[in-house]
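Structure assessment
Each chain is listed here by its residues.
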Amino acid sequence: MTTTLIDGIGLLYTGDPAREEIRDAALVLEDGLVAWLGPAGRAPAADRRIAAGGRCVIPGFVDSHAHLVFAGDRTAEFEARMAGQAYTGGGIRTTVAATRRAGDAELATRAAALVAEMLAQGTTTVEIKSGYGLSVEDERRSLEIATGLTDETTYLGAHLVPDGVTADDYVRLVTGEMLAACAPYAKWVDVFCERGAFDGDQTREILGAGIKAGLLARVHANQLTEGPGVRIACELGAASADHCTHLSAADVDALASSGTVATLLPGAEFSTRSPYPDARRLIDAGVTVALATDCNPGSSFTSSMPFCVALAVREMRMTPLEAIRAATYGGARALRRADVGWLGPGARADLVVLDAPSYTHLAYRPGVPLVHQVFQGGLLLE
Ligand code: NIG
Ligand code: FE
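Residues numbered from 1 in each chain as written. Chains lettered and ligands numbered in written order. Predicted model: local features only at pLDDT ≥ 70, side-chain atom pairs only at ≥ 80, totals over all residues. Heavy atoms only, no water.

The criterion, for reference: UniProt positions are given in the numbering used here, feature names are shortened, and annotations may be inferred rather than shown by experiment.
As recorded in an unreviewed UniProt entry, the protein goes by the name Imidazolonepropionase, listed as coming from Nonomuraea cavernae. Note on the protein: under the UniProt heading Pathway (unreviewed entry), the record states "Amino-acid degradation; L-histidine degradation into L-glutamate; N-formimidoyl-L-glutamate from L-histidine: step 3/3." For the protein, the Sequence similarities (unreviewed entry) comment in UniProt is given as "Belongs to the metallo-dependent hydrolases superfamily. HutI family."

So, in structure tokens, the structure goes:
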């Protein structure tokens, strides 16, 4: 087994709460895992050596919320929003129509291209949702395509009630035949709990059915309005409540006293020109926060975690350390993954060498391609 030593690391952010940052550090990778890390002077010998040249090293980003299986384009909707129109989620129907028309190969190629785009920007773990099929076969094939790209697949049949079906009939389908067809391809079940999408009772019913079928819950909650989504997520022990833009004091308390992560998606607020969620309020209350892209053609067509880190620092009152923590360790917590989102003996050797002396530069130098090298499972991606 070859061992790889990365030395000359100016600053190592480990994501391990026990020792989060090490200056003048080195890392040893073996068999796809981190074998050792610590001060450069104490590094053991290895078969090959890579010099980081004083750069900062961080764990690969964990993007715990993305909608990558879709076809079509919503540039016109974005332009209308930038001219003052509000985002309602209704544009999901445009993407559903295009996705249903597309062949499997087109959907798979497009999703793979987005995953590659993410990887080049340092994302080594990504969650992928269905939700633009909204028929048994279109949801099933969306998830089958997603399983070819990640282990973190999410059944989001409950994204919107499609045209031509009553809400009651659709909830029956989502909790019945569609769930049975999709569950073999999914780890997670998700619901868009929002006015105009699914209400509290429907959300409980759909998540409950998913959990019964062996899936784990996560929820699109409190994105556009203050609704019951966050409290339902906490009650049902969901891994994550995502968006969390409009929160009551009771919602913050519920998150703080549960194991549910609040996943913030600032790309959506950027791209819908909405007020950003208040990360400071959540962190100060003791809530675990994750950052993710929400990459989708409607509300947030970015694949860039560095962009989300920059937004979190500039717009959401997060310190650079809190933002990098949320984009790595927080994302892993939101996916209930112990093997990624941190660096230490036994963790997956997923890491990013930044062309910068510290992770703060991700926010300080927004829009600059600072990803120098990406290692995934110990392999350096060329
Ligand atoms: O997370 N809000 C629901 N779903 C996506 C957006 C979907 C779309 O507009 O196509 C989101 O923002
Ligand atoms: Fe989303």
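**Notes on the site of ligand 1**
This is how it is decided: If a single non-hydrogen atom of a residue is within 4 Å of a molecule or strand, that residue counts as near it. Polar contacts, as used here, are pairs of N or O atoms within 3.5 Å; protein pairs need one atom able to donate a hydrogen and one able to accept it. Residues neighboring in sequence count only if both atoms are side-chain atoms. Exposure was quantified through the Shrake-Rupley algorithm and a 1.4 Å probe, taking into account, for residues, occlusion by the shown protein chains and nothing else. Cavity means a closed set of points on a 1 Å grid over the protein atoms alone, one where a 1.4 Å probe fits but cannot get out, pocket means an open set with protein on both sides within 12 Å along at least 5 of 7 lines, and lining means a residue has an atom within 4 Å of a point. Think of it this way: if more than half of a molecule's atoms are within 2 Å of a pocket's grid points, that molecule is in the pocket or cavity. Charged means Asp, Glu, Lys or Arg here, nonpolar means Ala, Val, Leu, Ile, Met, Phe, Trp, Tyr, Cys or Pro, and polar covers whatever is left, Gly included.
Within the structure, ligand 1 sits among 15 residues, and Arg74, Tyr87, Tyr132, Gln223 and Ser299 are positioned closest to it. The separation between an oxygen atom of ligand 1 and a polar side-chain atom of Tyr87 is 2.5 Å. The side chain of Ser299 places a nitrogen or oxygen atom 2.5 Å from an oxygen atom of ligand 1. Its free accessible area being 330 Å², ligand 1 has 100% of it covered by the protein chains. In this structure the site holding ligand 1 corresponds to the largest cavity. Here the residues of the shell around ligand 1 are counted per class, giving 4 nonpolar, 9 polar and 2 charged.

**Considering the nonpolar core**
Threshold: Think of a nonpolar core as a cluster: buried Ala, Val, Leu, Ile, Met, Phe, Trp, Tyr and Cys residues, connected wherever their side-chain atoms sit within 4.5 Å. When a residue's accessible area, from a 1.4 Å probe over protein chains only, is under 20% of the maximum for its type it is buried; when over 50% it is exposed; and in between it is partly exposed. Put simply, DSSP marks the helices as runs of H or I at least four residues long and the strands as runs of E at least two long, and each gets a number from the N terminus on. Residue contacts are counted whenever heavy atoms from the two residues lie within 4.5 Å of one another.
Core analysis: the biggest nonpolar cluster contains 87 residues, and Leu68, Tyr155, Leu255 and Leu291 have the highest contact counts within it. Counting residues per element, this core draws most heavily on helix H3 (residues 104-120), which supplies 5 residues. Not counting the four nearest positions on each side in its chain, Tyr155 is found in contact with Ser130, Glu139, Leu143, Val174, Met178, Leu179, Cys182, Ala186, Trp188, Val189, Asp190 and Leu215. In terms of nonpolar packing, the next biggest core, distinct from the first, is built from 17 residues, Leu12, Leu29, Ala349 and Leu351 among them.

**Regarding the UniProt feature "binding site: N-formimidoyl-L-glutamate" (unreviewed entry) in the protein**
Here the UniProt feature "binding site: N-formimidoyl-L-glutamate" (unreviewed entry) sits at Tyr132, Asn296 and Gly298. A maximum C-alpha distance of 11.1 Å places the annotated residues, which cover 167 residues in sequence, within one compact spot. Annotated residues from the preceding list that form part of the lining of the largest cavity: these are Tyr132 and Asn296. Secondary-structure assignment places Tyr132 in the loop between strand E7 (123-129) and helix H4 (136-147).

**Observations concerning the coordination of the iron ion (ligand 2)**
For the record, the criterion: A donor here means an N, O or S atom no more than 2.8 Å from the metal, or no more than 3.2 Å when the metal is Na, K or Ca. Since water is not included, a site may seem to lack partners.
Around the iron ion (ligand 2), the protein supplies His65 (NE2), His67 (NE2), His220 (NE2) and Asp294 (OD) as donor atoms, at distances of 2.1 to 2.3 Å. Positions of the donor residues of the iron ion (ligand 2), expressed as sequence spacing, correspond to H-x1-H-x152-H-x73-D.

**Examining empty space enclosed by the protein**
A water-sized probe rolled over the atoms picks out the places where empty space is left. To keep things clear, this is the line we draw: Grid points are joined across faces, edges and corners, and a volume is the space filled by probe spheres set on the points.
The full count for this structure, using the stated rule, is 1 cavity of 30 Å³ or more. Volume-wise, the largest cavity comes out at about 90 Å³. In terms of lining residues, the largest cavity is bounded by 14 residues, among which His67, Tyr87, His159, Asn296 and Ser299 are the most central.

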